[in-house]
Amino acid sequence: MRKFIPPARAQEIRYVIREIVLEAEKYEQKTGNKTIRLNIGDPCKYDFSPPRHIIDAYIEALKSGKHYYGDSRGEKELREAIVEYEKRKNGVNIDINDVLVTQGAAEAVNTILAVAFENGDELLIPSPTYPPYLTAARFFGVKPLEYRCIEEEGWVPDIDHIRKLVSPKTKAILIINPNNPTGAVYSAKRVKEIIDLAGEYGLYVISDEIYDLMVYDGSGKAPNTASLANDVPVITIYSLSKVYLATGWRIGYMYRHDPQDLLEDLWNAFTRFLMIRLSTNTPAQYAAIAALRGPQTHIRGMIDKLRKRRDLVYRRINEIYGLSAEKPEGTFYIFPRINLGINDNDFCKKLLWSTGVVVPPGYGFGSFGKQHFRIVFLPPEDILNDALDRIEKFVRQLQ
């Protein structure tokens, strides 16, 4: 019998955020010590939980018999709630036929990459970036071109660099705002500059906005790309995982701003593609309705808690000689730079085996992520202080 080997595109799949968990498990098995895991952005692993009225809505959906396959596009009631929510929150005018409900934002990403691009087409991606955009793009035959985000300016996109990367093969520009892994929040002016550039070259914009209400200053909300786009087509990606603290429920959605129907054929193809997987979680969709239409009071408390943790980590990282970080304006990530004469992969592995602290290396977040690592500041302050004490001691030993 011959040995069966996955194709090259599958062998190249990487996800550094979760891969380091395998190394952490080896550490725990060998040492018998517990790790402090600051690698995965899951609020529900710490002292955060979905609002009670959303949990109750989930329970009620189960009790009332919503166990069936749903509409492949998403339940009509949820799509109606999304239309209302986006109008109320962002001033965007869309129809239920402009909305597709997905299994978290990840399925929206994979659907777009699988359906909207020919083999060899280019997608401009911010760097540092969320790793699946790079890996999934390559898997589906899309060429990801990384545009620089300027660290010294708070990790904002370099518009001149975006322009230099545009070619006849370029189809779209991706925006991640607020940004994972840097915590940057792009201004409306910077977003509009990207939109205008897309319009100039006949591109569309993909806007990942899943952390949009996790912003610590100003209005407490990141700019919505579709509301600024005029006639430039935009596909917006959203999820209940972060703002509504429901990571495991796997409810997300995407919607189109498409005043000239330039995305119509793509949208029909997205719909057919989603039919293949039947539907997303039906009872969770009814809980999502309660999330979008119900009280939003949990957001302020969540932000107040996270702001304290952000300030703690930002202060302590910048007090450690050899490390430095820009202050995150949103999300629950910080992306420190390593100035110690050691590469980021070695730093993170040695940190793990010396201290039990688990953080992913920056190279996994793209070319402009090298010599950095990402910290998730979701844990309570005592855990964060413990982890930072260990990091500080480890850095002193390196010196």
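Structure's up top.
Residues numbered from 1 in each chain as written. Predicted model: local features only at pLDDT ≥ 70, side-chain atom pairs only at ≥ 80, totals over all residues. Heavy atoms only, no water.

If you tally the helices and strands in the protein, you get 14 helices and 14 strands. Here the protein has a C-alpha radius of gyration of 21 Å; the compact-globule value for 399 residues is 21 Å, and the two agree. Projected onto its principal axes, the C-alpha coordinates of the protein cover approximately 65 × 60 × 55 Å. Across the 399 residues in the protein, those meeting the buried criterion constitute 57%. Considering only contacts in the protein between residues 6 or more positions apart, those separated by 24 or more positions represent 74%. Of the roughly 17100 Å² of accessible surface on the protein, a fraction of 50% belongs to carbon and sulfur atoms. (Helix = DSSP H or I, 4+ residues; strand = E, 2+ residues; numbered from the N terminus. Rg over C-alpha atoms; globule rule 2.2 N^0.38 Å. Buried < 20%, exposed > 50% of the residue type's maximum accessible area, 1.4 Å probe, protein only. Contact = heavy atoms within 4.5 Å. Areas by Shrake-Rupley, 256 points an atom, 1.4 Å probe, with all protein chains shown as cover.)

To continue, consider the pairing of strand S3 (residues 122–127). For S3, the buried fraction is high: six of the six residues fall into the buried class. Neither face of S3 is open: one carries Glu122, Leu124 and Pro126, the other Leu123, Ile125 and Ser127, and all of them are buried. In terms of strand pairing, S3 meets strand S4 (residues 143–150) through six bridges, oriented parallel. Looking at S4, one finds that Pro126 is bridged to Tyr147. After leaving S3, the chain enters helix H6 (residues 131–139) and then returns to the sheet as S4, a path that is right-handed. Pairing of S3 with strand S6 (residues 170–176), which is carried by three bridges, proceeds in the parallel orientation. By the bridge assignment for S6, Leu123 is matched with Ala172. (Pairing = 2+ DSSP bridges. Right-handed = clockwise from strand over helix to strand, strands pointing away.)

Turning our attention to the packing of helix H13 (residues 344–355) against helix H14 (residues 381–398). The angle between the axes and the distance between the axes are what describe a pair of packed helices. In the contact formed by H13 and H14, the axes pass within 10 Å of each other and the chain directions differ by 115°. Looking at the two axes, H13 sits roughly perpendicular to H14. Relative to H14, H13 is oriented so that their crossing is right-handed. On H14, the residues that touch Phe347, Lys350, Leu351, Ser354 and Thr355 of H13 are Arg390, Ile391, Phe394, Val395 and Leu398. Each residue belonging to the contact of H13 with H14 can be placed in one class, and the counts come to six nonpolar, two polar and two charged. (Axes fitted to C-alpha atoms, helices over the stretch in contact; angles between N-to-C directions. Parallel < 35°, antiparallel > 145°, perpendicular 65-115°, else oblique. Left-handed = near helix turned anticlockwise from the far one by under 90°. Nonpolar A, V, L, I, M, F, W, Y, C, P; charged D, E, K, R; others polar.)

That is the geometry; function is a separate question.
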